[in-house]
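# Remarks on the overall topology
Residue strings, one per chain:
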Amino acid sequence: MNVIQKLTVACSAAVALAAPTLTNAEEIVAKMAFHWAPKHHSAIHAQMFADEVNKRAAGRLKIEVFPSGQLFGIREILGAVTSGAVQIGGIVPIVSFPPINKNYNVAAHPGLFASYQQQRDFFMQDPTGQEIWNDMTTRSDTTLLMYNPVGPVMTFSKEGPLDSVGSMQGLKARALLQLERPRWDALEANAVSLPTREVYTSLQSGLINTLNTPPGSVEAYSWWEYLNHAQLPYQYFSDAYMMANTTWWNTVPADLQQIMLDVGKEIGAISTAKILEVGESTLAKFQERGGTVTVLDGEAKAEFDMLMDEKVVPAMADLFDAEILVAAQSFVAQN
């Protein structure tokens, strides 16, 4: 059984409950689900998307919103969209896509892409990136409606300033992605795999004491009740997508499809434009609460860079094909 089949089977029980319905001869009702808490940047803009689509559709299409993992968590939502258990989902691709095509991992290669736009353009404009994108969306039966980034990723801890390689030795780290493990291993931290819904209680109990996350998440999920140290610079730009089940999408009238695409473009631009500001604002509030932010530079940064070059990057070799990284590096150099 391949990955998509496993994802589809896991969500099949919910299909009947979540199937699109017609409340009258005209209105299509579609369910949209995501794991983000309502205060999260991505949740706010997903709700804006649904509200504006519902307004412009004028009774012909209604998107019902299910936040906070009410229906599916961060690791299950792509399978739910693929199976048709929900018609639209908030997908964090660096979590959901590598099991389908490992080469998507290149999106989170530390320091590779300089912006969200550069990363997106690689998958939409570069032939190598396009091949990865088309393979993932075809096999997952998904259609992109909107970019909705979760934020640039950095490290937070509750144990002390993250100012040296040695300061991170022995930490108990949350690992959401396979891509994170080479860095945690090189830092001699103990990694524990946890979905988002279990992070708060795991920080509370001491099961973990450090994690990589966009800064907005420490506020949205109240993780900053336990996390009080942070490290910059950002490691990579973590994107997110609002995606529709393609089989369902193809049954939607063309004018309603266009409404969703238009709204997705508009709200996605707002979400993208605000995300870095949100991160900086959260870090300012984090410091106002007594948190410390260490910005690596000089010898400290050189120590981490050496660790990346000598241990982390070689350990990532199996996470994507070598030619994919070369193609991405070439694209970045030219764009």
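Use the structure listed above.
Below is a short write-up of the structure. (Residues numbered from 1 in each chain as written. Predicted model: local features only at pLDDT ≥ 70, side-chain atom pairs only at ≥ 80, totals over all residues. Heavy atoms only, no water.)

## Considering the packing of aromatic side chains
Scanning all chains against the criterion turns up 14 aromatic pairs. Aromatic side chains Phe122 and Phe123 sit 5.1 Å apart centroid to centroid with 70 degrees between the ring planes, which places their arrangement in the edge-to-face category. Grouped by ring-pair contacts, the aromatic residues Phe97, Tyr104, Phe113, Phe122, Phe123, Trp133, Tyr147, Tyr241 and Phe331 constitute a single cluster. Taking NZ or CZ as reference, Arg120 lies 4.1 Å from the ring centre of Tyr147, over its face. Against the face of Trp184 rests Arg183, its NZ or CZ located 6.0 Å from the ring centre. (Phe/Tyr/Trp six-rings, centres within 6.5 Å; stacked < 30°, edge-to-face > 60°. Lys NZ or Arg CZ within 6 Å of the ring centre and 35° of its normal.)

## Re helix α12 (residues 254–288)
With 35 residues, α12 extends 49 Å from end C-alpha to end C-alpha; this agrees with the ideal 51 Å at 1.5 Å per step. At Ile275, α12 shows its maximal bend, which comes to roughly 35 degrees. Remark: Gly290 follows α12 within two positions and exhibits a positive phi of approximately 105 degrees. (Helix = DSSP H or I, 4+ residues; strand = E, 2+ residues; numbered from the N terminus. Expected span 1.5 Å × (residues − 1). Bend = angle between axes of the 7 residues up to and from the residue.)

## Quick word on helix α13 (residues 298–315)
Helix length check: α13, at 18 residues, gives a terminal C-alpha distance of 25 Å against a target of 26 Å (1.5 Å per residue), a fit within 8%. Roughly 45 degrees is the biggest bend found in α13, and it falls at Met308. Those residues of α13 not exposed but buried are Phe304, Leu307, Met308 and Val312. On its buried face, α13 sits against α8 (181–186) and β10 (229–238). (Buried < 20%, exposed > 50% of the residue type's maximum accessible area, 1.4 Å probe, protein only. Contact = heavy atoms within 4.5 Å.)

## Points about the pattern of salt bridges
The tally for this structure, following the rule as stated, stands at ten salt bridges. A salt bridge links Asp321 to Lys102; the nearest nitrogen and oxygen atoms lie 3.5 Å apart. Remark: Lys102 occurs in the loop between α5 (93–96) and α6 (116–125) and Asp321 occurs in the loop between α13 and α14 (322–334); sequence separation between them is 219 residues. Residue classification places Lys102 among the partly exposed positions, given a relative accessible area of 36%. Across the pair Lys285 and Glu219 runs a salt bridge, and its minimum N-O distance is 2.7 Å. Of the two residues, Lys285 sits in helix α12 while Glu219 sits in helix α10 (residues 215–220), which places them 66 residues apart along the sequence. (Salt bridge = Lys/Arg side-chain N within 4 Å of Asp/Glu carboxyl O.)

## Focus: unusual backbone geometry
The linkage connecting Leu232 with the following residue, Pro233, adopts the cis geometry, with an omega of 15 degrees. The topology assignment puts Pro233 in strand β10. The phi angle at Ala58 is positive, at roughly 50 degrees, despite the residue not being glycine. Relative to the helices and strands, Ala58 is located in the loop between α3 (41–57) and β3 (61–66).

## Things to note about the nonpolar core
Met32, Trp36, Phe49, Phe97, Phe156, Trp248 and Met260 are the most contacted members of the largest nonpolar core, which totals 103 residues. Counting residues per element, this core draws most heavily on α12, at seven residues. (Core = buried A, V, L, I, M, F, W, Y, C linked by side-chain atoms within 4.5 Å.)

## Describing the packing of α3 against α12
Running from N to C, α3 and α12 point in directions that differ by 155 degrees, and their axes come no closer than 9 Å. Considering the angle they form, α3 stands roughly antiparallel to α12. Both α3 and α12 take part in a crossing whose hand is right-handed. (Axes fitted to C-alpha atoms, helices over the stretch in contact; angles between N-to-C directions. Parallel < 35°, antiparallel > 145°, perpendicular 65-115°, else oblique. Left-handed = near helix turned anticlockwise from the far one by under 90°.)

## Notes on the sheet that holds strand β9 (residues 210–213)
Pairing is mixed across the open sheet formed by six strands, whose spatial order is β8-β7-β9-β6-β10-β12. Looking at strand neighbours, the two that pair on one side only are β8 (190–193) and β12 (292–295), the edges of this open sheet. Going from strand to strand, the sheet's axes swing by 35 degrees on average, the running direction of each strand aside. Of the pairings in the sheet, the one linking strand β6 (residues 151–157) to β10 comprises six bridges and is antiparallel in character. Paired with Val153 across the bridge in β10 is Tyr236. The strands that α12 touches are β6, β10 and β12; relative to β10, the one it contacts most, it runs at about 170 degrees. (Pairing = 2+ DSSP bridges.)

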